[in-house]
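Descriptive structure summary
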Amino acid sequence: MDDDLATYEARGPIPIAVGSVIDPEFAIGRDRELAEIVEAFSDGDSVALTGERRHGKTVVASLVEREPRKQGWTVVSRSVEGIPSVEELTRELAAALVAVLPKGMTRAKAWLAKHPELSGAGLTLSAIGPTLEDLAGEAAEGAHRLVLIIDELPICARALERTEPGSGLALLHRLRRMRQTHPNLRMVCLGSIGFHHVLRDLEGATNDLGPMPLRPLGPDAARELAVRLLLSVKSIPTAPRRAVSPQMARLSDGVPYYLHRLAADCRKLANRGEDLYPGVIADLIDLAIADPDDPWDLKHYVTRLPGYYGADAPAAGAILDLIAARPCSSEALRADRDLMAQIAATEVGGIVARLEQDHYVLAGPNQEFAFRSEIVRRGWLRWRR
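Residues numbered from 1 in each chain as written. Predicted model: local features only at pLDDT ≥ 70, side-chain atom pairs only at ≥ 80, totals over all residues. Heavy atoms only, no water.

With that settled, consider the overall build of the chain. Along its length, the chain carries 19 helices and eight strands. Considered along the principal axes of its C-alpha atoms, the chain spans approximately 70 × 60 × 35 Å. Put simply, the chain has 385 residues, and 52% of those count as buried. Here the analysis covers contacts within the chain between residues at least 6 apart in sequence; of these, 75% occur between residues at least 24 apart. (Helix = DSSP H or I, 4+ residues; strand = E, 2+ residues; numbered from the N terminus. Buried < 20%, exposed > 50% of the residue type's maximum accessible area, 1.4 Å probe, protein only. Contact = heavy atoms within 4.5 Å.)

Our next topic: the pairing of strand 4 (residues 185-191). Across the seven residues that make up strand 4, a large majority, seven, are buried. Of the two faces of strand 4, both are covered, the one formed by Leu185, Met187, Cys189 and Gly191 as well as the one formed by Arg186, Val188 and Leu190. As defined by bridge partners, strand 1 (residues 46-50) adjoins strand 4 across four bridges and the pair is classed as parallel. Across the sheet, Val47 pairs through a bridge with Val188, a residue of strand 4. (Pairing = 2+ DSSP bridges.)

Quick look at helix 8 (residues 167-181) now. The periodicity of an α-helix, 3.6 residues per turn, causes residues three or four positions apart to be oriented the same way. Helix length check: helix 8 (15 residues) gives 21 Å between terminal C-alpha atoms against 21 Å at 1.5 Å per residue, within 8%. Buried within helix 8 we find Ser167, Gly168, Leu169, Leu171, Leu172, Arg174, Leu175, Arg176, Met178 and Arg179. (Expected span 1.5 Å × (residues − 1).)

With that out of the way, let us pick up the packing of helix 2 (residues 31-42) against helix 3 (residues 57-70). Where helix 2 contacts helix 3, the axes come no closer than 10 Å and their chain directions differ by 50°. Between helix 2 and helix 3, the angle falls in the class oblique. Classified by chirality, the crossing of helix 3 by helix 2 is right-handed. Between helix 2 and helix 3, the contacting residues are Leu34, Ile37, Val38 and Phe41 on the first element and Val60, Leu63, Val64, Glu67 and Pro68 on the second. Residues that form the contact of helix 2 with helix 3 fall into these classes: eight nonpolar, no polar and one charged. (Axes fitted to C-alpha atoms, helices over the stretch in contact; angles between N-to-C directions. Parallel < 35°, antiparallel > 145°, perpendicular 65-115°, else oblique. Left-handed = near helix turned anticlockwise from the far one by under 90°. Nonpolar A, V, L, I, M, F, W, Y, C, P; charged D, E, K, R; others polar.)

Now for the sheet that holds strand 4. Strand pairing in a sheet is mediated by backbone hydrogen bonds. Such pairs are either parallel or antiparallel. If you walk across this open sheet you meet the five strands as 2-3-4-1-5, and the pairing is parallel. What marks the edges here is a single partner per strand, and that holds for strand 2 (74-79) and strand 5 (209-213). Taking each pair of neighbouring strands and ignoring which way they run, the sheet shows an average axis angle of 15°. Bridging between strand 1 and strand 5 involves five bridges; their strand directions are parallel. Note on strand 5: the bridge partner recorded for Ser46 is Leu209. Contacts from helix 3 reach strand 1, strand 2, strand 3 (146-151) and strand 4 within the one sheet, and its direction differs from that of strand 3 by about 170°. Taken strand by strand, helix 7 (residues 153-163) contacts strand 3 and strand 4, and its axis lies near 75° from that of strand 4.

What follows concerns the packing of helix 6 (residues 132-139) against helix 8. Where helix 6 contacts helix 8, the axes come no closer than 10 Å and their chain directions differ by 30°. Taken together, the axes of helix 6 and helix 8 are roughly parallel relative to one another. Judged by the twist between their axes, the crossing of helix 6 over helix 8 is right-handed. Across the interface between the two elements, Leu132, Glu133 and Ala136 of helix 6 pack against Arg174, Arg177 and Met178 of helix 8. Tallied by class, the residues present in the contact of helix 6 with helix 8 amount to three nonpolar, no polar and three charged.

A separate point is the nonpolar core. The tendency in soluble globular proteins is for nonpolar side chains to be buried side by side. Counting residues in each nonpolar core, the largest one holds 65 residues, and the members touching the most others are Met248, Tyr258, Ile281, Leu355 and Tyr360. Top element by residues in this core is helix 11 (residues 256-271). It accounts for nine residues. Val80, Leu97, Ile150 and Leu169 belong to the second largest nonpolar core, which has 36 residues in total. (Core = buried A, V, L, I, M, F, W, Y, C linked by side-chain atoms within 4.5 Å.)

Looking now at the pattern of salt bridges. Using the criterion set out here, one finds 20 salt bridges in the structure. A salt bridge links Asp208 to Arg176, with the nearest nitrogen and oxygen atoms 3.8 Å apart. Of the two residues, Asp208 sits in the loop between strand 4 and strand 5 while Arg176 sits in helix 8, which places them 32 residues apart along the sequence. For Asp208, a relative accessible area of 24% gives the class partly exposed. The network of salt bridges with common partners includes Arg30, Arg32, Glu33 and Glu36. (Salt bridge = Lys/Arg side-chain N within 4 Å of Asp/Glu carboxyl O.)

These results come straight from atomic positions and should not be treated as a statement about function.
Right under this line is the structure:
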């Protein structure tokens, strides 16, 4: 253990980042995901990278931006959360593609040259000009290779679908046609919610995307991040820092955001001259969960349920109540009278499967379902009303 700590310390401190974007230079434990995405590109595949909030999707996306560029790919990255219409989203993506059109690929640029009033975010595509597919084709023409990273695509598609039924699904089909039409185009579609929240039946709109769920950090990576975050706090002596970091790694559930929050809390204590005593991490977590201001935003796991599950939200909440109390098999859930008063036994499996997709629960070796995160489980019990 001491050898591991010394090895991690030798790699240098990592700045604590709470509420700000983490520099990909300080990404820990995401080599496997990056390698799998790059390998998928080499195999001609695109990727759907989904995972719970604050697990590091944006950091992985930043790593993906850098690695393909080293291999000569052009990379375009856009977040589409909050874009109100298909037209606006098309303009955003088209403007980004126009900016990277290589020299010599002149068809779209020639058309744009005739319309100098159209530039940047104000780009308008019309029937007489290039389509989004045209622009993607030119940007990925010949030997030129293009990666399009689209962040929060499921949230955007779901919002479009609710505003105008059919538009979110049409967008996903359009992006799929682009992937299928242009062999030098790859996409990474990121989302903190799964595509199943756009529509129950996606009609094949995303079945060409290789699913890649982003999990919490493994034990070694979590321990390294804890050590190097605390190393950035000069006011914490070596002995307590080394004693506390393994607790941080274990009790944080390997979630990078919780590790940064715990490190920030340790910094506050140290700067006030208070000791980092042996049980301090457990106490800091207790305080965060009990805090009525909800600094870790754990209430979100309760309040988002109606938006995610619609008419099934009461049943999903009831299932999570049971699992929060103790791990439950599907059979145990179906044996609960109160739950069966709300839904048919045949519906339990479908709702549990969606809760798995949404990273609430996971199945253990005996097919008993438990919360993935002990912190989220406790947050659920704290904020459930």
